[in-house]
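Chain by chain, the residues:
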Amino acid sequence: MTQIKKPDIEERWYEVLKQEFDSAYFADIKRFLIDEKRQHVVYPPSPLIFNAFNLTPFDDVKVVILGQDPYHNIGQAHGLAFSVPDGIQKPPSLQNIFKELNQDLGIQIPATGNLEKWAKEGVLLLNASLTVRANMAASHAKIGWQRFTDAAIKALSDKKQNLVFILWGNYAIAKENLINHEKHLILKTVHPSPLSASRGFFGCHHFSKTNEYLINNNIKPIDWNI
């Protein structure tokens, strides 16, 4: 009997999401990706698909920032929503996130766009889709990833208390129905993209509001410095 290989994901996340990993739809995702990689470049690299979960273990999550899709240009995606590796130019939405962070908390805009430090502080930087074909935005949006990441969001809502869910843009706001409003704080506004940031993202104060809520619930606040 062939032993099924366990996914490369933090142990507690694996326990929480085991039903998803064992499901028929997840087997379909794996088959799709095997075929896709034979013909196309896929981002992020396979070892980084679950990077958000591995850098922010389930028991350490304090804040969830929801993104939509991995970056699809070379070198950008490394498994964290809105983040790019060191040495990669900051995309426009991330530049606006840093502008708001500076206006809100006075934190200096960092030279890097790498948000791994946030992830290690307890900020789950979760994209709805965990992979994408190179140069084709949203190309893996319908292969089953959203069912998987919805399950992760719901598990956090059901099993934890006093999380902050940060929803930027209509796509993320649509996930609100997965979250228990009575147990958690939901912060929402328009997307930080240059197309919409001036319509409510700038001045939303989500970083300070997050820390205020955490402190009020006797939880160590996030150090947003990069």
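So, here's what we can say about the structure. As the structure is a computational prediction, the values presented were derived from the model and not from experiment.

To continue, consider the nonpolar core. Ranked by size, the top nonpolar core spans 66 residues in total, and within it Trp13, Phe50, Phe53, Ile65, Trp118, Trp145 and Phe148 carry the most contacts. Among the elements that take part in this core, helix 6 (residues 145-159) stands out by supplying seven residues, more than any other. Dropping the residues within four chain positions of it, Phe53 is found in contact with Ile9, Glu10, Trp13, Leu17, Leu124, Leu126, Leu130, Phe148 and Ala152.

The subject of this paragraph is the pattern of salt bridges. Within the structure shown, the criterion is met by 10 salt bridges. The partner of Asp28 in a salt bridge is Arg31, with the nearest N and O atoms 2.4 Å apart. Of this pair, Asp28 and Arg31 are both found in helix 2 (residues 24-39), three residues apart, which corresponds to roughly one turn of the helix. Asp28 sits in the partly exposed class, given a relative accessible area of 39%. Between Asp150 and Lys175 there is a salt bridge, with its nearest N and O atoms 2.8 Å apart. Pair noted here: Asp150 is in helix 6 and Lys175 is in the loop between helix 7 (170-173) and strand 6 (185-189), with a separation of 25 residues, a long-range link. Assessed through its relative accessible area of 9%, Lys175 is described here as buried. Here the salt bridges share partners, and the residues they tie into one network are Arg12, Glu15 and Asp59.

On to the sheet that holds strand 3 (residues 123-127). Reading across from one edge, 3-2-5-6 is the order of the four strands in this open sheet, with parallel pairing throughout. Taken across any chain shown, the strands that pair with only one partner, and hence form the sheet edges, are strand 3 and strand 6. In this sheet, adjacent strand axes meet at a mean angle of 20 degrees when their direction is disregarded. Where strand 5 (residues 164-168) lies against strand 6, five bridges are found, and the strand directions are parallel. Bridging across to strand 6, Phe165 finds its partner in Ile186. Where helix 6 meets the sheet, it contacts strand 2 (63-67), strand 3 and strand 5, and its direction lies at approximately 150 degrees from that of strand 3.

Moving on: the pairing of strand 5. For strand 5, the buried fraction is high: five of the five residues fall into the buried class. The alternating pattern of strand 5 places Val164, Ile166 and Trp168 and Phe165 and Leu167 on opposite faces, both of which are buried.

Take the packing of helix 2 against helix 6 next. Interhelical geometry of helix 2 versus helix 6 gives an angle of 130 degrees and a closest axis separation of 9 Å. Between helix 2 and helix 6, the interaxial angle falls into the category oblique. For helix 2 against helix 6, the interelement crossing comes out left-handed. Residues Tyr25, Phe26, Ile29 and Leu33 of helix 2 touch helix 6, and the partners they reach there are Trp145, Arg147 and Phe148. Each residue belonging to the contact of helix 2 with helix 6 can be placed in one class, and the counts come to six nonpolar, no polar and one charged.

Now for the packing of helix 1 (residues 11-21) against helix 6. Between helix 1 and helix 6, the least distance of the axes is 10 Å, while the angle of their chain directions is 135 degrees. As judged from the angle between their axes, helix 1 and helix 6 are oblique. The two elements helix 1 and helix 6 cross, and the hand of that crossing is right-handed. Of the residues in helix 6, those in contact with Trp13, Val16, Leu17, Glu20 and Phe21 of helix 1 are Arg147, Phe148, Ala151, Ala152, Ala155, Leu156 and Lys159. For the contact of helix 1 with helix 6, the residue count by class is nine nonpolar, no polar and three charged.

The rules we used
Residues numbered from 1 in each chain as written. Predicted model: local features only at pLDDT ≥ 70, side-chain atom pairs only at ≥ 80, totals over all residues. Heavy atoms only, no water. Core = buried A, V, L, I, M, F, W, Y, C linked by side-chain atoms within 4.5 Å. Buried < 20%, exposed > 50% of the residue type's maximum accessible area, 1.4 Å probe, protein only. Helix = DSSP H or I, 4+ residues; strand = E, 2+ residues; numbered from the N terminus. Contact = heavy atoms within 4.5 Å. Salt bridge = Lys/Arg side-chain N within 4 Å of Asp/Glu carboxyl O. Pairing = 2+ DSSP bridges. Axes fitted to C-alpha atoms, helices over the stretch in contact; angles between N-to-C directions. Parallel < 35°, antiparallel > 145°, perpendicular 65-115°, else oblique. Left-handed = near helix turned anticlockwise from the far one by under 90°. Nonpolar A, V, L, I, M, F, W, Y, C, P; charged D, E, K, R; others polar.

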